[in-house]
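Residue-level listing of the chains:
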Amino acid sequence: QVQVVESGGGLVQFGGSLRLSCAASGTLFRLYTVGWYRQAPGKQRELVAHIASGGSTNYAGSVQGRFAISRDNAKKMGYLQMSSLKPEDTAVYYCNVRWLGGGVDAWGQGTQVTVSS
């Protein structure tokens, strides 16, 4: 069973930056799609960005140009570099790793990001 652990959340001021990290177990990390999602209080969980096994990326319109997703297959890590943070970015951020062909769909416990105005 694949396990996922996020880290790097915290409190940051408006306009600041944070880097979230996602560590995943399993020997086939290179085949996983890594996704970052977030859930603000009273709202549904939403996709922030994902990076496919081949390296292609996709971003939500609200973070395009401010956030950058990346991965390091050798370290079995995913990252989300967040810049120009806004109060509306405040949420619990979750990492998901997925490989549907291999029956992998695992979530981390989430990490809180709070942006003060």
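For the structure, check the block above.
Quick caveat, the model's predicted, so the values are computed rather than measured.

**A word on the overall build of the chain**
A count of helices and strands for the chain gives zero helices and 11 strands. From first element to last, N terminus to C terminus, the chain shows the α and β order β-β-β-β-β-β-β-β-β-β-β. If you line up the chain on its principal axes, its C-alpha atoms span 40 × 25 × 20 Å. The proportion of buried residues among the 117 residues of the chain is 42%. Long-range contacts, defined as pairs at least 24 residues apart, comprise 54% of the intrachain contacts of the chain with a sequence gap of at least 6. In the structure as shown, the chain presents an accessible area of about 6,000 Å², 48% of it carried by carbon and sulfur atoms. Each charge class in the chain was averaged separately, 11 positive and 6 negative side chains, and the resulting centres sit 5 Å apart.

**Thoughts on the state of the cysteines**
Within this structure, the stated rule accounts for one disulfide. Between the sulfur of Cys-22 and that of Cys-95 lies a disulfide, 2.0 Å long from S to S. Linking Cys-22 and Cys-95, the disulfide has an S-S dihedral of approximately -75° and is accordingly described as left-handed. A residue pair is termed long-range when its members are at least 10 positions apart, and Cys-22 in strand S3 (residues 18-24) and Cys-95 in strand S9 (residues 91-99) qualify at 73 residues. Just as Cys-22 is buried, Cys-95 falls in that class too.

**Focus on the nonpolar core**
By size, the foremost hydrophobic cluster in this structure holds 31 residues, and its most contacted members are Trp-36, Leu-80, Met-82, Tyr-93 and Val-97. Every element with two or more residues in this core is listed here: S3, strand S4 (33-39), strand S5 (46-51), strand S7 (67-72), strand S8 (77-82), S9, strand S10 (104-107) and strand S11 (111-116).

**Observations regarding the packing of aromatic side chains**
Under the definition given, this model contains three aromatic pairs. Judged by centre distance (6.5 Å) and plane angle (40°), the ring pair of Tyr-32 and Trp-99 falls under tilted. You can see Tyr-32 sitting in the loop between S3 and S4 and its partner Trp-99 sitting in strand S9, a full 67 residues away along the chain. For Trp-99, a relative accessible area of 27% puts it in the partly exposed group. Sitting over the face of the ring of Tyr-79, Arg-19 holds its NZ or CZ atom 3.9 Å from the ring centroid. Between Arg-45 and the ring centre of Tyr-94, over which it is positioned, the NZ or CZ distance is 3.7 Å.

Cut-off values and rules
Residues numbered from 1 in each chain as written. Predicted model: local features only at pLDDT ≥ 70, side-chain atom pairs only at ≥ 80, totals over all residues. Heavy atoms only, no water. Helix = DSSP H or I, 4+ residues; strand = E, 2+ residues; numbered from the N terminus. Buried < 20%, exposed > 50% of the residue type's maximum accessible area, 1.4 Å probe, protein only. Contact = heavy atoms within 4.5 Å. Areas by Shrake-Rupley, 256 points an atom, 1.4 Å probe, with all protein chains shown as cover. Lys, Arg positive; Asp, Glu negative; His and termini not counted. Charge placed at Lys NZ, Arg CZ, Asp CG, Glu CD. Disulfide = S-S within 2.5 Å. Core = buried A, V, L, I, M, F, W, Y, C linked by side-chain atoms within 4.5 Å. Phe/Tyr/Trp six-rings, centres within 6.5 Å; stacked < 30°, edge-to-face > 60°. Lys NZ or Arg CZ within 6 Å of the ring centre and 35° of its normal.

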